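# Survey of secondary and tertiary structure
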Amino acid sequence: MSKARGMRLGLGALLLSIAAPAVVAQEAPADVRSWLDRMNVAIEQLNYRGRFVHVIEGNAEELRIVHRFADGVVGERISSGTGDGSEILTTGDGVRSVFPSKKLVVEESERSTIPVASSLSYTDELEHYYQITSFARGSVADRETQVVSIRPRDEYRYGYLLFLDQETALPLKIQVRDEQGQVIESILFTEISVLDSIPEYAVASSISAEGFTVKRPVDAGFESTDPELWAATRLPSGFRLSLARQSLMAGSRYPVQHLVYTDGLATVSVFIAHPDSDPDMPEGFSRLGSTNAFTLTVDGRLATAIGEVPGRTVQRIATSLDAR
């Protein structure tokens, strides 16, 4: 799930009390590659439903998930069990987030699913920036797991611990760890069932949004893929530009440039506001769990770099922005 969706699957303190299994034998990279490849297929193509706990900055929220894969199309519903009843609905067309307490619906064109795990695929290049190994078996939600450790080789990335179901390779527990090795966000499944099939109605919204305000992307025909308007000139090693576009944002008549930098696992988004707009964003650092943001004014424009990376990473990228 993406961060704009109110109930982002984040990660922290609850899992600090759960001991990680001891390391016994490091498997060859080929075995790790196999586990990660299986994980990516499982997240997308299995039918499952369950409950998990999202912990961020000491606050825990229980969420329910139903994931359906049929005829090559993904359907998913994530709903809050302890919050305000919000829902995130994923279809082949994008994401629809429903917030009953605000009478608000936000529609986005990006697909979303479990963070970290959904974006990770093993490559030899990734080994330059992370040490990826596998550990002894563990147990989550009464299911045996294989544990995969992803440790950064420098201070510009976070580390991750993935507990993958032995039978299906679904990630049943995910920890995000900071530069000191402390768990700062976590996901923990307390129940999960893998099914042969799931009916389509199970991933439909249970909330009537009649009378709600609907915010959706504006005309995509406005978008420009010109990557040379702005660029970060001092990227941490391994990060590269993966997206550059300019588009109108919902509720605004001014365009925003959007840049995305990634190392294959970590991702940083950069938003550069139009000089005539009046964005309400304080300058400096802000943080929520593992997500850091850094905002500053560059040539009269407000620029924000945000991502699940250490603060020094977003600051370095934001302060190196230059108009070309």
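Residues numbered from 1 in each chain as written. Predicted model: local features only at pLDDT ≥ 70, side-chain atom pairs only at ≥ 80, totals over all residues. Heavy atoms only, no water.

## Remarks on the nonpolar core
- Grouped together as the largest cluster of nonpolar side chains are 60 residues, with contacts concentrated most on V148, L162 and V270.
- Of all the elements, helix α1 (residues 29–45) adds the most residues to this core, at 6 residues. (Core = buried A, V, L, I, M, F, W, Y, C linked by side-chain atoms within 4.5 Å. Buried < 20%, exposed > 50% of the residue type's maximum accessible area, 1.4 Å probe, protein only. Helix = DSSP H or I, 4+ residues; strand = E, 2+ residues; numbered from the N terminus.)

## Structural notes on the confidence of the model for the chain
- Within the chain, residue pLDDT values average 81, and 79% of them lie at 70 or more.
- Put simply, strand β6 (residues 104–108) is where the chain has its lowest mean pLDDT, 83, and helix α2 (residues 311–319) is where it has its highest, 97.
- Here residues 1–28 is a poorly scored stretch, pLDDT under 50, and it has 97 contacts once near neighbours within four places are set aside; other chains count. (pLDDT = per-residue confidence, 0-100. Contact = heavy atoms within 4.5 Å.)

## Section: the pattern of salt bridges
- In the structure shown here, the tally under the stated rule is 10 salt bridges.
- Between E87 and R77 there is a salt bridge; the shortest N-O distance is 3.6 Å. Residue E87 is found in strand β4 (residues 87–91), and its partner R77 is found in strand β3 (residues 73–80); the two are separated by 10 residues along the sequence. Each member of the pair, E87 as well as R77, is classed as buried. (Salt bridge = Lys/Arg side-chain N within 4 Å of Asp/Glu carboxyl O.)

## A few points about the packing of aromatic side chains
- Counted by the stated rule, this structure contains 2 aromatic pairs.
- Arranged with centres 5.2 Å apart and planes meeting at 50°, the rings of F52 and F189 form a pair that is tilted. Of this pair, F52 sits in strand β1 (residues 47–56) while F189 sits in strand β11 (residues 183–195); the two residues are 137 residues apart in sequence, bridging distant segments of the chain. Just as F52 is buried, F189 falls in that class too.
- For R157, the ring lying beneath its charged end belongs to Y130, and the centroid distance is 5.9 Å.
- The aromatic ring of F163 is capped on one face by K173, whose charged end is 4.2 Å from the ring centroid. (Phe/Tyr/Trp six-rings, centres within 6.5 Å; stacked < 30°, edge-to-face > 60°. Lys NZ or Arg CZ within 6 Å of the ring centre and 35° of its normal.)

## Quick notes on the sheet that holds β3
- Spatially, the 12 strands line up as an open sheet ordered β7-β8-β9-β10-β11-β1-β2-β3-β4-β5-β6-β12, and their pairing is mixed. The sheet is open, and its two edges are formed by β7 (130–140) and β12 (213–215), each paired on a single side. The sheet shows a mean angle of 15° between the axes of neighbouring strands, taken without regard to direction.
- Examined bridge by bridge, strand β8 (residues 143–152) and strand β9 (residues 159–165) share 6 bridges and lie antiparallel to one another. Bridging from a neighbouring strand, V147 pairs with F163 of β9. (Pairing = 2+ DSSP bridges. Axes fitted to C-alpha atoms, helices over the stretch in contact; angles between N-to-C directions.)

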